[in-house]
Amino acid sequence: MGVSGDFDSQNRGLWGFKGLMRRKQVDSARKEVDGGHHQLAKELSVLHLVAIGVGSTIGAGVYILVGTVAREHSGPALTISFLIAGIAAALSAFCYAELASRCPSAGSAYHYSYICVGEGCCLVDWLGIDPGIYDRWFSSCTWHIPESGSGNWKTEYYIKVYHGNGLRGILGRNCVHVCNFMGLLDLILRQALLFGGGDLPAFLARQYIPGLGIVVDPCAAILVFIVTGLLCVGIKESTVVQGFVTTANVCAMMFVVIAGGYLGFKTGWAGYELPTGYFPFGVDGMLAGSATVFFAYIGFDSVASTAEEVKNPQRDLPLGIGSALSICCMLYMLVSVVVVGLVPYYSMDPDTPISSVFANHGMQWAAYIITIGAVTALCSTLLGSLLPQPRILMAMARDGLLPSFFSDVNRRTQVPVKGTIVTGIGAATLAFFMDVSQLAGMVSVGTLLAFTMVACSVLILRYIPPDEVPLTPSHQETINSVLSRHRITQKFDEKNSKVCVGTSNEASQPLIAKVGASADPVILKDVAQGRCTYVIDETTRRKIAGWTIAMICVGVVVLTSSASCVSLPGFPRYLFCGIGGVLLLSGLIVLTCIDQDDARHNFGHSGGFICPFVPLLPIACILINVYLLVNLGSATWTRVSIWLVIGVLVYGFYGRRHSSLRDAVYVPAVHADEIYESSSNCLA
């Protein structure tokens with residue numbers, strides 16, 4: 001192995017725990033030199049990213065949660081609940097923005113965690129595959145066709161709140177609300193009397209199969225296939241369509257704000273003139289409402305998955321993520337402040353909160369506009385949720401963790417057509433067969449785990465960024481030459497430094513300690529100017545930072561688990577909460593006191609967005625996401641565990657053997673550019 005053996009001998013091989021810790025380098029033009037893959041089309045601008053982010057986020061947020069959360073949690077303080085949830089989501093958005101601008105490649109959270117954490121993260125990011133499929137399935141299942149002859153034609157939707165084991169939710173309340181409403185197709189077919197005003201044809205309507213005890217939904221499956229075909233046409237074309245439907249949805253929401261504001265100023269704000277005040281459920285109820293509506297902000301991370309298709313990722317990705325989240329938060333707050341102000345919160349219809357508010361003021365026709373807004377919201381959500389998944393599969397296939405079939409990019413459309421078709425078939429199958437209550441919580445688990453991994457990756461990037469990068473064995477000769485040259489230079493410099501130091505007694509003193517001080521390899525005490533300055537040795541600093549980040553993660557898990565376990569007796573519960581809190585605060589203090597790694601400035605693509613308030617902001621992000629995770633219920637985690645076992649088997653029998661890092665040679669990151677340059681010169 002030559003002189004590179006010292007770096008490759010760290011047992012990052014095929015077997016063992018260290019194989020899971022192999023970290024890849026940032027995907028860039030280097031990969032093209034190494035015989036890279038066919039690239040995706042760089043067609044997206046800031047406006048396209050905003051359309052993707054807003055369209056992926058605003059689906060069920062307003063049209064489902066306004067009535068339920070106001071009645072059960074927040075009351076008139078619903079607007080504040082949306083604001084707090086938006087701020088919590090912004091913590092993850094800041095982390096995504098930095099990593100997306102530094103590592104602008106397909107894969108989103110999977111890509112970032114593979115670079116910063118290691119190959120073992122694929123077992124966690126495997127969970128990111130299921131929420132992508134289930135999220136599309138949820139969006140398609142919202143096109144629910146009511147039973148024939150029911151005569152109950154609500155033009156908006158109705159809500160199902162699932163109690164029990166699967167989705168026992170945030171702060172002891174149910175947190176996942178799945179909307180099922182009469183879709184645009186049903187509205188057109190019925191009200192336009194294209195089928196004589198009767199029920200939908202049998203091949204489109206939901207059917208119950210007695211022998212199997214399941215309900216099949218052909219309409220939802222057909223809708224998924226239509227969207228899949230649209231996404232195969234091209235990224236720009238599908239994004240333009242998503243922009244149109246998102247604009248229609250935003251216009252419907254602005255109608256609610258403007259018309260509702262007019263009614264409020266004309267007839268009075270009855271919802272704010274209550275004897276119970278602005279916080280009928282107290283501050284706890286408002287916070288419980290914030291935890292519930294937090295899931296309405298999930299979707300902005302779809303922007304990061306398109307990083308490889310953005311024209312100027314360093315500038316446009318942070319702007320797209322921030323603008324999309326800001327627009328969503330503003331719309332949520334405007335709609336909620338109007339709706340809860342027009343009628344008392346306790347008299348809101350939990351099934352059709354917005355249209356019923358207008359109906360109470362004699363504007364029954366407004367229900368049609370609201371229906372169009374709800375339908376277009378779910379169309380854009382389906383488009384936005386289907387978009388990222390093929391790109392995650394493509395990124396995993398590029399790294400050898402999945403078959404190369406998924407990494408194929410169509411040369412004409414420049415999109416991963418094969419991966420899109422496969423995931424579309426998977427989503428359509430679920431939409432056709434599965435009941436919405438069976439796998440609902442898995443959507444939240446995958447997304448929250450992705451948010452947590454991204455926040456951890458920011459901490460790792462700032463304090464212990466990879467100091468070695470993997471290179472292909474084809475660079476072996478150049479690696480040997482470059483590292484040999486640097487070793488000879490280093491030995492020569494050390495020899496000269498010993499000659500110039502002076503006496504042998506002085507030369508025997510550690511270089512990082514003052515003369516006469518204890519030979520502590522950690523502390524430097526500089527008294528040259530009459531003051532003492534203590535500096536941690538770089539190697540020790542990295543070890544301290546690494547263990548501190550691990551301690552923070554342990555503290556977060558202990559704190560959130562014990563705080564959420566209401567069945568635990570009082571003293572043990574408070575004890576574990578205290579232990580977790582001490583670990584968390586101690587880790588925060590340590591990371592605040594020690595310096596961040598200087599190598600962070602040159603990591604990935606420089607010149608992009610920098611996440612502020614590190615380490616406080618990523619730690620707060622981890623705390624919030626883990627707290628939401630531990631409250632999702634045991635049945636949900638059981639289903640997630642089964643999916644994780646499948647991921648372990650896929651990695652064990654395929655990914656581990658075909659990983660692109662299996663035969664990689666690791667070299668110091670400071671020499672990587674020189675090695676690439678020398679290789680290019682040799683080829684020239």
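Shown above is the structure to which this text applies.
In this report, the structure presented in the accompanying data block is examined. This one's a predicted model, so the numbers in the text were calculated from it and none came from an experiment.

### Points about the nonpolar core
Point 1. Core analysis: the largest hydrophobic core is formed by 117 residues, its most contacted members being Tyr96, Phe358 and Leu591.
Point 2. Each residue touching Phe358, except ones within four places of it in the same chain, is listed here: Val256, Ala259, Gly260, Leu263, Met363, Gln364, Ala366 and Ile370.
Point 3. Of all hydrophobic cores here, the second largest spans 18 residues; its members include Tyr110, Met396, Phe406 and Ala664.

### Examining the environment of His111
Point 1. Within the secondary structure, His111 is located in helix H7 (residues 109–116).
Point 2. Looking at His111, the relative accessible area reads 0%, which means it is buried.
Point 3. The sequence separation of His111 and Leu99 amounts to 12 residues, and the corresponding C-alpha distance is 9.4 Å.

### Digging into the pattern of salt bridges
Point 1. Summed over all chains, the structure comprises 11 salt bridges.
Point 2. In this structure, a network of salt bridges that share partners links the residues Glu538, Arg541, Arg542 and Asp597.

### Quick word on H7
Point 1. With eight of eight residues buried, H7 is to be regarded as a mostly interior element.
Point 2. When we look at burial in H7, the residues that qualify are Ala109, Tyr110, His111, Tyr112, Ser113, Tyr114, Ile115 and Cys116.
Point 3. One or two steps after H7, the chain reaches Gly118, where phi turns positive at roughly 145°.

### Details of the packing of aromatic side chains
Two aromatic rings are characterised by how far apart their centres lie and by the angle between their planes.
Point 1. Taken as a whole, this structure holds 18 aromatic pairs when the rule is applied.
Point 2. Put simply, the rings of Phe265, Trp269, Tyr272, Tyr278 and Phe279 touch in pairs and so form one group of aromatic residues.

### So, the packing of helix H12 (residues 235–267) against helix H16 (residues 366–386)
Point 1. The interhelical angle for the contact between H12 and H16, taken along N-to-C directions, is 145°, at an axis separation of 8 Å. Regarding H12 and H16, the two cross each other, and that crossing is left-handed. On the side of H12, the interface is formed by Val241, Gln242, Val245, Thr246, Ala248, Asn249, Ala252, Phe255 and Val256, while H16 contributes Ala366, Ile369, Ile370, Gly373, Thr376, Ala377, Ser380, Leu383 and Gly384.
Point 2. For the contact of H12 with H16, the residue count by class is 11 nonpolar, seven polar and no charged.

### Overview of a nonpolar patch on the surface
Point 1. On the surface, Met254, Ile258, Tyr272, Tyr278, Phe279, Met330, Leu334 and Val337 cluster together into a nonpolar patch covering about 650 Å² of accessible area.
Point 2. Of all the elements in the fold, those that place two or more residues in the nonpolar patch are H12 and helix H14 (313–342).
Point 3. Among the elements that take part in the nonpolar patch, H14 stands out by supplying three residues, more than any other.
Point 4. Mapped onto the secondary structure, Val337 falls in helix H14.
Point 5. Overall, the relative accessible area of 31% leaves Val337 in the partly exposed class.

The rules we used
- Residues numbered from 1 in each chain as written.
- Predicted model: local features only at pLDDT ≥ 70, side-chain atom pairs only at ≥ 80, totals over all residues.
- Heavy atoms only, no water.
- Core = buried A, V, L, I, M, F, W, Y, C linked by side-chain atoms within 4.5 Å.
- Buried < 20%, exposed > 50% of the residue type's maximum accessible area, 1.4 Å probe, protein only.
- Contact = heavy atoms within 4.5 Å.
- Helix = DSSP H or I, 4+ residues; strand = E, 2+ residues; numbered from the N terminus.
- Salt bridge = Lys/Arg side-chain N within 4 Å of Asp/Glu carboxyl O.
- Phe/Tyr/Trp six-rings, centres within 6.5 Å; stacked < 30°, edge-to-face > 60°.
- Axes fitted to C-alpha atoms, helices over the stretch in contact; angles between N-to-C directions.
- Left-handed = near helix turned anticlockwise from the far one by under 90°.
- Nonpolar A, V, L, I, M, F, W, Y, C, P; charged D, E, K, R; others polar.
- Patch = residues over 30% accessible without salt bridge, like charges linked within 9 Å, V, L, I, M, F, W, Y side chains within 5 Å.
- Areas by Shrake-Rupley, 256 points an atom, 1.4 Å probe, with all protein chains shown as cover.

Note that every value here comes from positions in space, so none of it alone points to a role or purpose.
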